[in-house]
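Understanding the architecture of this molecule
Take a look at the letters that make up each chain.
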Amino acid sequence: MEEIRWVSRLRGGGSFFVYDSAFVSFLSTHVKHPSTTTMPGRVAGSSAKGASTAAKPRTSRSARATASAPASNIPDEGPSTKLRNHVAAVFSDAQKSNTGHRKLVINLRKIQEACCYEPLSSKKKQAEYDFDEDDFNTEVVRCVLRVLPIKKSETVGDRIVKFLGIFLRVASEKDNQLVADQDGALPETPTSRLTNAILNTLLQLLSTKDKIVRFRATQISAHIINTLDTLDDQMFHLLRLALLKRIHDKESSVRMHAIYGLSRLAAELDDDQQDEDSDDDDASSGVLEKLLNVLQNDPSAEVRRALLLNLPLTPTTLPYLLERARDLDAATRRALYARLLPALGDFRHLSLTHREKLLRWGLRDRDETVRKATARLFRERWIEDCAALPAAIDPEEKTEDGKKKPGVTKAADPSLEALLELLERIDVSNSGNTGGVALEAMSEFWDGRPDYREYVSFDSEAFWDELSPESVFVARTFNDYCRAKDAQGDGRLLDMLEMKMPEVTKFGFLLEIQINKLIECVRGAATGGPDGDGDEEMEEESVQREFIVEQMLHMAISFDYSDEVGRRKMFGLMREALTMPELPEESTRLAVETLRLVCGDDRSDKGESDFCGIVLEAIAEVHDTIMGDEGDKTKSSTGEESFHSARSEISDDGSARRSKNSKRAETDEEEEDDDEEKAIREIMVNMKCLHIAQCMLQNIQCELEQTVHLVTMLNNLVIPAVRSQEAPIRERGLVCLGLCCLLGKVHNIALI
């Protein structure tokens, strides 16, 4: 009755299984039974008939339906033996809890050794276990068959599956040790034969009609594959073919466990493919191709998540795995950022495009848990990779033999070099602009790393003398974070910021140095090439200098200009910067916003009026500077012509006639070139002046008609730009005209 009581506990009620016809026919074919038809331990004959008679008055609809169905006879499994009782008792105890599995594995191993190996002493054990290896394998397979009809919701089935995997692994290791000590090789062992017997039995049930049996058979097969290190070659291929059919099963639970097994098989095939050229190359590619197809198209989020976490990490599969950052299921996206990417290794092996996309998709995800997982990945894992100490061990946490205590790791100390490398790896020059993902990433970094907030400092001259795009971005994001927290009521960070940042006056001098370097790079990039077409190195340096100036201007916009000395310094610097024609457009916009802040917040009187007057003076000076260069070139060309004419008068009459025709042709070509250059220069002047005017109009709110400077600008700059025949000038002129209309009525619109 041991096996009957065990079966009853597995099912949670009743004293026997109700099998479907396919399962019963399988049992009748593969289980040995004598000629008798009665089950051992079960009352037969009149007792069963009496029980059925006693139960007859309590009929119901379900009972009548069951009675109308064709009855299935459970095949006889032979007489009960001591071996069956002991094996059934072990499996019966294994279903109760996971805590006792270790002891039960030892007990079952002792039974296996008694049946499969020659006993050392011929006493009671030999008499008690007078059975061979086939008897033991039959009883274990019999117990495995009892697990198949258990529903997925029953935890006892999962416990038995886990116990079976532990036993097969431990027994296989011990068998390999015994055989290796004798022969130095790993031939066939009793545990390998037991494994083949179990898998051969389960292979025939992977395609049964009963979804519960199909699920348990797939689950046990996949668990054995992932538990053991070696499998028979023939069994390996049979399992691969059988599980490939199950990845298209209509039940998602069956597909998921088929994926568990195939992922391990695909990894093994991939390793063999790397080791040597074998016939399994096509098989490996076929398995991976089908698994990747399931990863992209399976409707079940659990199946896609199982594939995401179990597929081998290879250059072929990596792009498909990273695509799951855009999965419909939030849990799958979170699994990518919280489990797959940290286990991937050094993030620097990813391409720049993958890094930028992963950060952007994760930090801007609609699910909060995904955003938190991405931020944790950036500030905890990626920074540790750059610090080159992802798992540094505390000396106090080592054991006596110098090994690391399990589970003890120590984060690397804060390092500015590691932080700068991290920003370089995400291309901060492009991703650090307004709307870029680097701003959001650094905001999360400062929020989750208080050790780095205490570590960084920006008041030293060495930091500003060797300024780079990454270092200035660190200063800018730290400034923004501290001021944002101060706006939320945390004044401690603002006090820390004032201690770490230079004062406004010193910052003005530092900004002036960077602006001058930017202008030099822009001029050198325009005229520094060997062929007069610009220098590529100077162009790259000018891009970096432009980014540095933009970040410093962003910082200047957030400063407090209550200090009069610092305010005057920034006022003069911004006024001078606007008059530089070489200043890029984005830097010009930020300079205008900084100048507006420095001029004060008085909207009615002096503040905006002075601001408009200063900007219009800068526009006039930019116009005169660019057009003044043209006048100098015109004078030089006139002098060159007079020099050539003086030489021509000395020559004889014949040469004078020939040279006159050639001079006319050269003069015509020079005039065409001058006209084209003049037109390009006029477009450049108008575009630059209109951009400065647009930036000014975006930062004022005064009445248009009450400000003389704005009326003058409207009549002399905006209206002619709208009437221009050049599309870029006309487009920018319309933008400025629209901004003027927002400030007041424009009476001469009809004249356009």
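A brief look at the structure comes next. The shown structure was predicted, so the numbers you read here are calculated from the model rather than taken from an experiment.

Let us now look at the environment of Leu321. Its place among the elements puts Leu321 in helix H16 (residues 318–322). For the pair Leu321 and Leu292, spaced 29 residues apart in the sequence, the C-alpha separation amounts to 8.7 Å. Beyond its immediate stretch of four places on either side in the chain, Leu321 contacts Leu295, Leu307, Leu308, Leu311, Leu313, Leu336 and Leu340.

Our focus in this paragraph is the packing of aromatic side chains. Under the defined criterion, the tally for this structure stands at 14 aromatic pairs. An angle of 85° between the planes, with centres 5.4 Å apart, marks the rings of Phe91 and Phe163 as edge-to-face. Of the two residues, Phe91 sits in helix H5 (residues 82–94) while Phe163 sits in helix H9 (residues 155–183), which places them 72 residues apart along the sequence. Here Phe91 matches Phe163 in class, with each residue buried. Judged by centre distance (5.2 Å) and plane angle (85°), the rings of Phe463 and Trp464 are edge-to-face. According to the relative accessible area criterion, Trp464 is buried, its value standing at 3%. Taken together, Phe347, Phe378, Trp382, Phe445, Trp446, Tyr452, Phe458, Phe463, Trp464, Phe478, Phe507 and Phe559 form an aromatic cluster joined through their ring pairs. Over the aromatic face of Phe509 sits the side chain of Lys569, whose NZ or CZ is 4.0 Å from the ring centroid. Lying over the aromatic face of Phe611, Arg596 brings its terminal NZ or CZ to 5.7 Å of the ring centre.

Positive phi is not limited to glycine here, since Asp427 has a value of about 55°. The topology assignment puts Asp427 in the loop between helix H20 (416–425) and helix H21 (428–431).

The rules behind the values
Residues numbered from 1 in each chain as written. Predicted model: local features only at pLDDT ≥ 70, side-chain atom pairs only at ≥ 80, totals over all residues. Heavy atoms only, no water. Helix = DSSP H or I, 4+ residues; strand = E, 2+ residues; numbered from the N terminus. Contact = heavy atoms within 4.5 Å. Phe/Tyr/Trp six-rings, centres within 6.5 Å; stacked < 30°, edge-to-face > 60°. Buried < 20%, exposed > 50% of the residue type's maximum accessible area, 1.4 Å probe, protein only. Lys NZ or Arg CZ within 6 Å of the ring centre and 35° of its normal.

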